[in-house]
Amino acid sequence: MIIQSKRIWIGGQFIPAQLQVEDKKIEAVYEYGKMTVDADYGRDRIVPGFIDIHTHGAYGYDTNDGEPDGLREWMKRIPEEGVTSILPTTVTQVPEVLLKAVSSVADVAEGEYEGAEILGIHFEGPYLDMKYKGAQPPEAIAKATIAEFQGYQEAARGLIRYITLAPEHDGGFELTRYLCRNGVVVSMGHSSASYEQALMGIANGAISMTHVYNGMTPYHHRNPGLVGTAFRVRDIYGEIICDGCHSHVAALNNFFTAKGREYGIMVSDSLRAKHCPPGGSYKLGGHDVEIRDNGLAYLKGTQTIAGSTLNMNRGLQILVEEAMVPFDTALNSCTLNPARCLRVDDRKGRVAAGYDADLVVLSDSYDVVQTYCRGNAML
């Protein structure tokens, strides 16, 4: 199959080109107009597929449900917003719920399914701080131990690739070091860690932060906290929810100005309510949440934000058009940077020969015209 556009994102810029796709890969890149094409996208932009490393659910399904059919439906439909790779994300819960959830994701990942590729599991909690738990259920927050995590990873058949934990509650940073030795990305979040404690977490192997600004000690010029650490330590990754509600667009600009092109990661932190009719009540971690007119989810009857319904293509639009983040920085945040963080940047995150044919065709209004998941057209 040959597709072409006058604007394909190659080498950090848009150029006219053709892509030859064979066996789920980009086989070759040609000059524009050289070969007879199967699809000509004119001036619509072809960019790498989006990678969402923090997403709890959509279409009425939640990772904690542990239901394979719901997960398969989610993967099949999520390319409609340009997502081609994903980390289904758990919410803090009691062990039996989490064991079922991670086992279910492994069952689907090891079998046949359509759509976005499951790159692993994001294990958000249960090793979190009570003060900054956000919407995570407090009754299920647990002490960090290597032995307990090993049980979860065994149930997941090694598929837990990324974990959110509060470093100040990881005694001696033993779990952090264990995770790093065993190929699991450690992200600091839902944490009351001081600047100094966060630095020790980094020194012991943490390389990311979970939804910066939210669920962590705020920035103060005499007490920088986790936000200050995210700004100061520029060469660790930081997730950020780019809906313009979790963080003001000025704060989004500040974050990406500090992190540069290589270390900011856009995430949706989406709930099961995404792509469902507006309004209504849902569950998160066994607790009631409600979707309000601003599109955010809140713990029912409170002002505690419990997640988003953000579409990734709209997050890109908000970053570029409202937060005034340079396009290359914004695009890297949902393509190349998460691929590098997960160590799959040898096949994901770029439009280049030899890479997976994960592609998104975007109009100038950021609508998704077409998505290709490993070479398969999904819309």
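Residues numbered from 1 in each chain as written. Predicted model: local features only at pLDDT ≥ 70, side-chain atom pairs only at ≥ 80, totals over all residues. Heavy atoms only, no water.

As a further point, take the environment of Ile78. Position of Ile78 among the secondary structure elements: in the loop between helix H1 (68-77) and strand E9 (83-90). Each C-alpha atom, one on Ile78 and one on Glu114, is 10 Å from the other, the two residues being 36 residues apart in sequence. Filtering out sequence-adjacent residues up to four positions away, Ile78 remains in contact with Tyr59, Val83, Ile86, Ala116, Lys274 and His275. (Helix = DSSP H or I, 4+ residues; strand = E, 2+ residues; numbered from the N terminus. Contact = heavy atoms within 4.5 Å.)

With respect to the element layout, Asn214 can be found in the loop between strand E14 (208-209) and helix H6 (225-232). Those residues in contact with Asn214 that lie beyond four places of it in its chain are His246 and Ser247.

Quick look at the state of the cysteines now. Inspection of the entire model under this criterion finds zero disulfides. Not engaged in a disulfide, the cysteine Cys245 finds its nearest cysteine sulfur in Cys242; these two sulfurs lie 12 Å apart. The thiol of Cys373 is unpaired, and the distance to the nearest cysteine sulfur, on Cys334, comes to 14 Å. Residue Cys373 is classed as buried on the basis of its relative accessible area of 2%. (Disulfide = S-S within 2.5 Å. Buried < 20%, exposed > 50% of the residue type's maximum accessible area, 1.4 Å probe, protein only.)

Time to look at unusual backbone geometry. Here Gly125 and Pro126 are connected by a cis peptide whose omega angle stands at 10°. With phi around 45°, His190 is a residue other than glycine that occupies positive phi space. Tracing the chain through its elements places His190 in the loop between strand E13 (185-188) and helix H5 (195-203). Phi is positive for Arg374, close to 50°, though the residue is something other than glycine. Summarising the element assignment, Arg374 is placed in the loop between strand E22 (368-373) and strand E23 (376-377).

Within the fold, Lys259 resides in helix H7 (residues 249-259). This buried residue, Lys259, is left without a salt bridge; Asp235 holds the nearest opposite charge, at 6.8 Å. Leave out the neighbours within four places in its chain, and Lys259 touches Ala230, Val233, Arg234, Ile236, Gly238 and Gly264. (Lys, Arg positive; Asp, Glu negative; His and termini not counted. Salt bridge = Lys/Arg side-chain N within 4 Å of Asp/Glu carboxyl O.)

A separate point is the environment of Phe327. Its location among the elements puts Phe327 in helix H9 (residues 327-333). For Phe327, a relative accessible area of 17% translates into the label buried. As for Phe327 and Leu316, which are separated by 11 residues in sequence, their C-alpha atoms are 8.5 Å apart. Those residues in contact with Phe327 that sit more than four places away from it in its chain are Trp9, Phe14, Arg45, Val320 and Tyr366.

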